[in-house]
Amino acid sequence: MELSSEWRRRDWTPVRGVPMICAFTPNWKRIDDFQAREEDIVIATYPKSGTTWMSEIVDVILSEGDTEKSARDTIYNKVPMLEFCVPGVVPPGSQILESLPSPRMIKTHLPVSLMPKSFWEKNCKIIYVARNPKDVAVSFYHFDKMNYLHPDPGPWEEYLEKFLQGVVGFGPWAAHVRDWWVLRQQRSILYIFYEDMLEDPRREIQKVITFLGKDLSEEALEKICLHTSFKAMKENPATNYTTMSSTLMDQAVSPFMRKGICGDWKNHFTVSQSKRFDEYYQREMSGTDLSFCF
Ligand code: PPS
């Protein structure tokens, strides 16, 4: 897949007020009308929060720990992104998903407000992964630099302002994590934190196994932990996005599997940027019992 100049470095385009990757926005009706199925498993996240990690975990759980089976295809083919589309270049994720047998695994970064209503009608299982916003901002900044479907992020200090204002792909981080947090009480949503996955992957993977109604052996669980470690996923061409055209994702600019740690923000934020960010965080998280580990 070669990215045509038509979609390269285009500015975010709003969908009902949410800044969206321009190439995804034509014919948005396909998202609104998307037909979910009861067996669908959705991996929902704000960008750069551990989507690929959770997607591979779910895939290998469904394969009962058979890591060879999970090497059958790339992560973006096994777990298509619902909203993904580059008109004239790649068919929409929604269309690819229609042709897949159940149970489908579906990736999305959509905020609650843009989710197709059929997901609620079918009461699908949704795994939401959230990550602390300082590391999200840093990861997103590097991703914007290497992903040519996104606008150029400009210098870090300017990018950070845009992040705080929510003028980044998929809109404001805070509303995204908050709305999904509230919804978890009413729907079948497992809400997981990236930092918890780093701290104790075995514990968090077991939560996913239980949520999916599976019963896997200790041996299978151990295999899944090893297979989905940062090192293993960085070396695995099925998960590290190196199979994606460099006209779309230029890994010479920044690798997709970049650092995979908690606290890399400390290498990017100045003291005053961190203070400003903390004020934003306090303001946005006040009134919720949602809290993040930095
Ligand atoms: S995307 O493009 O929004 O779908 O990206 P996403 O997969 O959500 O997030 C990418 C970040 O997750 C890190 N990552 C991991 N961390 C720890 N362990 C594993 N196995 C793992 N796999 C991916 C990846 O390195 C990105 O974070 P940064 O901070 O940029 O390294």
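Heads up: these notes are all about the structure in this document. All of these numbers come straight from a predicted model, not from anything done at the bench.

The rules behind each value
- Residues numbered from 1 in each chain as written.
- Predicted model: local features only at pLDDT ≥ 70, side-chain atom pairs only at ≥ 80, totals over all residues.
- Heavy atoms only, no water.
- Near = heavy atom within 4 Å.
- Polar contact = N/O pair within 3.5 Å; in protein donor to acceptor, adjacent residues only side chain to side chain.
- Areas by Shrake-Rupley, 256 points an atom, 1.4 Å probe, with all protein chains shown as cover.
- Helix = DSSP H or I, 4+ residues; strand = E, 2+ residues; numbered from the N terminus.
- Nonpolar A, V, L, I, M, F, W, Y, C, P; charged D, E, K, R; others polar.
- Core = buried A, V, L, I, M, F, W, Y, C linked by side-chain atoms within 4.5 Å.
- Buried < 20%, exposed > 50% of the residue type's maximum accessible area, 1.4 Å probe, protein only.
- Contact = heavy atoms within 4.5 Å.
- Salt bridge = Lys/Arg side-chain N within 4 Å of Asp/Glu carboxyl O.

Comments concerning the site of the ligand
The full set close to the ligand counts 22 residues, and Thr51, Thr52, Ser139, Tyr194 and Lys259 are the nearest of them. A distance of 2.9 Å separates an oxygen atom of the ligand from a polar atom in the side chain of Lys107. Taking Arg258, its side chain carries an N or O atom lying 2.8 Å from an oxygen atom of the ligand. Its free accessible area being 650 Å², the ligand has 98% of it covered by the protein chains. Elements with a contribution of two residues or more to the shell around the ligand: helix 2 (51-62), helix 7 (133-146) and helix 13 (230-235). Considering every element that reaches the shell around the ligand, the biggest residue donor is helix 2, with three residues. Of the residues assigned to the shell around the ligand, the class counts are eight nonpolar, nine polar and five charged.

Focus on the nonpolar core
By size, the foremost hydrophobic cluster in this structure holds 101 residues, and its most contacted members are Ile127, Trp173 and Trp180. Not counting chain neighbours up to four residues away, the residues in contact with Ile127 comprise Ile41, Val42, Ile43, Ala44, Met54, Val58, Leu190, Ile192, Val208, Phe211 and Leu212.

Observations concerning the pattern of salt bridges
Here the structure, examined in full by the defined rule, presents 19 salt bridges. Measuring nitrogen to oxygen at the nearest pair gives 2.8 Å for the salt bridge that ties Asp278 to Lys134. Of the two residues, Asp278 is situated in helix 14 (residues 271-285) and Lys134 in helix 7; the sequence distance between them amounts to 144 residues. Classification of Asp278 as partly exposed rests on a relative accessible area of 31%. For Asp264, the salt bridge goes to Lys259, with nearest N and O atoms at 2.8 Å. Put simply, Glu199, Asp200, Arg203, Glu204 and Lys207 are held in one network by salt bridges that share partners.

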